[in-house]
Amino acid sequence: MLEENVEDVRSTVRFELAEKTKEKGNALFKSNQFESAASHYDKAYKLCKTISIISDEHQEKIVKLQLACLTNRAVTLSKLDQHEKVVDVCSDALALDVVNEKAWFRRGVARSKMGLLDEADSDLNEVLRINPKNSDAKNSLKECAKLRKQGKLQPFQGMFSRPSPRRNGISEGLSRISLEERNG
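Draft legend 1. Local environment of the overall build of the protein chain. Looking only at helices and strands, the protein chain features 8 helices and 0 strands. Mapped in sequence order, the helices and strands of the protein chain form the string α-α-α-α-α-α-α-α. Looking at the 184 residues of the protein chain, the share that counts as buried comes to 36%. Long-range contacts, defined as pairs at least 24 residues apart, comprise 55% of the intrachain contacts of the protein chain with a sequence gap of at least 6.

The structure is reproduced here in structure tokens:
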């Protein structure tokens, strides 16, 4: 019984510390200190992962705090143009809550900035499935369509439609070099 009480106290203390760390991140974000804010959100999230779950209600509070840390970190990383990290962080949030509108939206925007327009469309359409009135998602989908019309390719798009080395003389030149090497 005493061990359970000690663990309850530890969990409560860790939860409160995680909340305070997240709040410090919020203050840093408001003062445009994005790297420090991202670090605080990450610390708070990791601290949440060390908390023992006491009850279902307690678990809900922990998950809610984890989601806040992850989605806040995502927006902070976005301000730092670290879009690949935004995608990873939002994917972690979606693993906790598959209908988290902020995570879908922020991941979609990050993917569009990375040029991954199909994936961005998918994420942004998921936002609209969750909340059909989300005007930010609608605007971001329009932006993706505009990028497509401008002809901006996604990374690796068209890679396999390029001429083979044989058509542009590279293999011919390599053949000559290897013949010269053999003949020494």
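Having seen the model, we can carry on.
Draft legend 2. Molecular detail of the nonpolar core. If you look at the biggest cluster of nonpolar residues, it comprises 35 residues, and the most contacted ones within it are Leu65, Val86, Phe105, Leu124 and Ala137. Only α1 (2–30), α2 (34–48), α3 (56–79), α4 (83–96), α5 (101–113), α6 (117–130) and α7 (135–149) provide two or more residues apiece to this core. Ranked by the residues each element gives to this core, the list is headed by α3, at 7 residues. The residues touching phenylalanine 105, leaving out its near neighbours within four places in the chain, are Leu124, Val127, Asp136, Ala137 and Ser140.

Draft legend 3. Expanded view of the pattern of salt bridges. Enumeration according to the criterion identifies 10 salt bridges in this entry. Linking arginine 73 and aspartate 42 is a salt bridge whose minimum nitrogen-to-oxygen distance equals 3.9 Å. Separated by 31 residues along the polypeptide, arginine 73 in helix α3 and aspartate 42 in helix α2 bring together distant segments of the chain. Owing to a relative accessible area of 19%, arginine 73 belongs among the buried residues under this scheme.

Draft legend 4. Representation of the packing of α4 against α5. Closest axis-to-axis distance for the α4/α5 pair is 9 Å, and the angle between their directions is 155 degrees. Viewed along their axes, α4 and α5 adopt a mutual orientation that is roughly antiparallel. Crossing geometry of α4 relative to α5 is assigned as left-handed. Along its contact with α4, which presents His83, Val86, Val87, Cys90, Ser91, Ala93 and Leu94, the element α5 presents Ala103, Trp104, Arg106, Arg107, Ala110, Arg111 and Lys113.

Draft legend 5. Structural view of the state of the cysteines. Counting across every chain of the model gives 0 disulfides. Take cysteine 48: it sits in no disulfide, and the sulfur closest to it among the cysteines is that of cysteine 69, at 5.2 Å. Residue cysteine 48 is classed as buried on the basis of its relative accessible area of 2%.

Thresholds, definitions, all that
Residue numbers here run from 1 along each chain, matching the order of that chain's written sequence. Where totals are concerned, whole chains, interfaces and linings use all residues; where local detail is concerned, this predicted model gives features only for residues with pLDDT of at least 70, and gives and counts side-chain atom pairs only at 80 or more. Excluded from the side-chain calculation are hydrogens and water; included are all heavy atoms of the structure. For helices the rule is a DSSP run of H or I covering at least 4 residues; for strands it is a run of E covering at least 2, with both sets numbered from the N terminus onward. Throughout, exposure labels follow a simple rule: accessible area from a 1.4 Å probe, protein chains only, divided by the maximum for the residue type, with under 20% read as buried, over 50% as exposed, and the rest as partly exposed. Contacts: residue pairs with any heavy atoms within 4.5 Å of one another. Each nonpolar core is a collection of buried residues, namely Ala, Val, Leu, Ile, Met, Phe, Trp, Tyr and Cys, held together in the definition by side-chain atoms within 4.5 Å. Criterion for a salt bridge: a side-chain nitrogen of Lys or Arg within 4 Å of a carboxyl oxygen of Asp or Glu. Here, axes are lines fitted to C-alpha atoms. For helices the fit covers the stretch in contact, and angles between N-to-C directions go from 0 to 180 degrees. Note that the term roughly parallel is reserved for angles under 35 degrees, roughly antiparallel for angles over 145, roughly perpendicular for angles of 65 to 115, and oblique for everything else. Crossing handedness is read from the near helix: turned anticlockwise from the far helix by less than a right angle, it gives a left-handed crossing, and turned clockwise, a right-handed one. When two cysteine sulfur atoms are found within 2.5 Å, that pair is recorded as a disulfide.

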